[in-house]
Amino acid sequence: MNGIFESHAHYEDEAFDNDREALIASLPSNGIEYVVNVGSTARTCRLTVELTKKYGFLYGALGIHPSEIKDIGDADMDWIESETDANPKIVAVGEIGLDYHWDKDNKARQKEFFARQIDIARRVSKPIIVHSREAALDTWELMKSERAEDCGGVVHCFSYGKEEAAKYLDMGFYIGIGGASTFKNAVRPREVITYVPLERILLETDCPYLAPVPYRGKRNSSLNLPLIAENIAAVKGIDVKTVCEVTKENAKRMYGIV
Ligand code: NI
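Draft legend 1. Here's a closer look at the packing of aromatic side chains. The full count for this structure, using the stated rule, is eight aromatic pairs. When the ring of Phe-5 is compared with that of Tyr-255, the centres are 5.8 Å apart and the planes differ by 15 degrees; the resulting orientation is stacked. Separated by 250 residues along the polypeptide, Phe-5 in strand 1 (residues 4–9) and Tyr-255 in helix 9 (residues 240–255) bring together distant segments of the chain. Take Phe-5 and Tyr-255: they sit in the same class, and that class is buried. Connected via pairs of aromatic rings, a cluster forms that spans Phe-5, Tyr-34, Tyr-59 and Tyr-255.

Here it is as structure tokens:
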């Protein structure tokens, strides 16, 4: 089967409470071949592990999102490390990073947990899924100083320009492209799509958030990935089948799925 790789979803989210099982079960017959479900809190990380047990094609990532670190402590870090190390269905540490859109008064703590989770990824030899919003310079400087190139990974839902993309490509990272790249005002994402080689792009929805046009504002799901792939194909002037095939191989390589 030749399907699409969904590199970033949140199916444990309450937005899917009414139809989670039916929706996830329907993905393979709708051309979605692999899914990585991404944790963001201690609770959603545990739910992610449960989802990976139910579906063979669904893998997981465990990490604490920078906006969710308020009550996080050593026990959470220890659990993430041991579970990510021991569980072959857990293929990355994420999502982790810096977010100054929602919180600017805890930058030091955000950096501390970003660095600690990069360390975990290095120790368990798995890639990281980076969330960075309105924190371009600090994200880059921290990833340099913590030698994030040792782990590799993806900067997901990439929201910066092509100069920033160039720096992460140089570091060996992939660039995650999702629904925001289809919005009418998405000048910068289109420049990034043009600039980044297809071999370094991952397809993602970040569902239930960031539904692509024409579903902007509605609940998102992996079923919308073809719209994102079609937009990439149009911007790059290549066919959509190539976009789906190459991004699937990219994600399998990055997540270490054979
Ligand atoms: Ni996300």
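Still more to cover.
Draft legend 2. Looking closely at the packing of helix 4 (residues 107–124) against helix 5 (residues 136–145). For the pair helix 4 and helix 5, the least separation of the axes is 11 Å and the interaxial angle reads 40 degrees. The angle between the axes of helix 4 and helix 5 places the two elements in the oblique class. Note on packing geometry: the crossing formed by helix 4 with helix 5 is right-handed. Packed against helix 4, whose contacting residues are Lys-111, Phe-114, Ala-115 and Ile-118, the element helix 5 presents Asp-138, Thr-139, Leu-142 and Met-143 at the interface.

Draft legend 3. The arrangement of the sheet that holds strand 6 (residues 153–155) in detail. With respect to topology, eight strands assemble into an open sheet ordered 1-2-3-4-5-6-7-8, the strand pairing being parallel. In this open sheet, the two edge strands, each paired with only one partner strand, are strand 1 and strand 8 (201–203). Put simply, the sheet's adjacent strands are angled 30 degrees from each other on average, direction ignored. Those strands touched by helix 9 are strand 1, strand 2 (32–38), strand 4 (90–99), strand 5 (128–133), strand 6, strand 7 (174–177) and strand 8, and its axis lies near 100 degrees from that of strand 8.

Draft legend 4. Representation of the pairing of strand 3 (residues 58–62) within the structure. Most of strand 3 is tucked away, with five of its five residues classed as buried. Of the two faces of strand 3, the one carrying Leu-58, Gly-60 and Leu-62 and the one carrying Tyr-59 and Ala-61 are both buried. Here four bridges tie strand 2 to strand 3, and the two strands are oriented parallel to one another. Directly across from Asn-37, in strand 3, lies its bridge partner Gly-60. Crossover strand 2 to strand 3 through helix 2 (residues 42–54) is right-handed. Pairing of strand 3 with strand 4 involves three bridges; the strand directions are parallel. Of the residues in strand 4, the one forming a bridge with Leu-62 is Val-93.

Reading the values: the criteria
- Residues numbered from 1 in each chain as written.
- Predicted model: local features only at pLDDT ≥ 70, side-chain atom pairs only at ≥ 80, totals over all residues.
- Heavy atoms only, no water.
- Phe/Tyr/Trp six-rings, centres within 6.5 Å; stacked < 30°, edge-to-face > 60°.
- Helix = DSSP H or I, 4+ residues; strand = E, 2+ residues; numbered from the N terminus.
- Buried < 20%, exposed > 50% of the residue type's maximum accessible area, 1.4 Å probe, protein only.
- Axes fitted to C-alpha atoms, helices over the stretch in contact; angles between N-to-C directions.
- Parallel < 35°, antiparallel > 145°, perpendicular 65-115°, else oblique.
- Left-handed = near helix turned anticlockwise from the far one by under 90°.
- Contact = heavy atoms within 4.5 Å.
- Pairing = 2+ DSSP bridges.
- Right-handed = clockwise from strand over helix to strand, strands pointing away.

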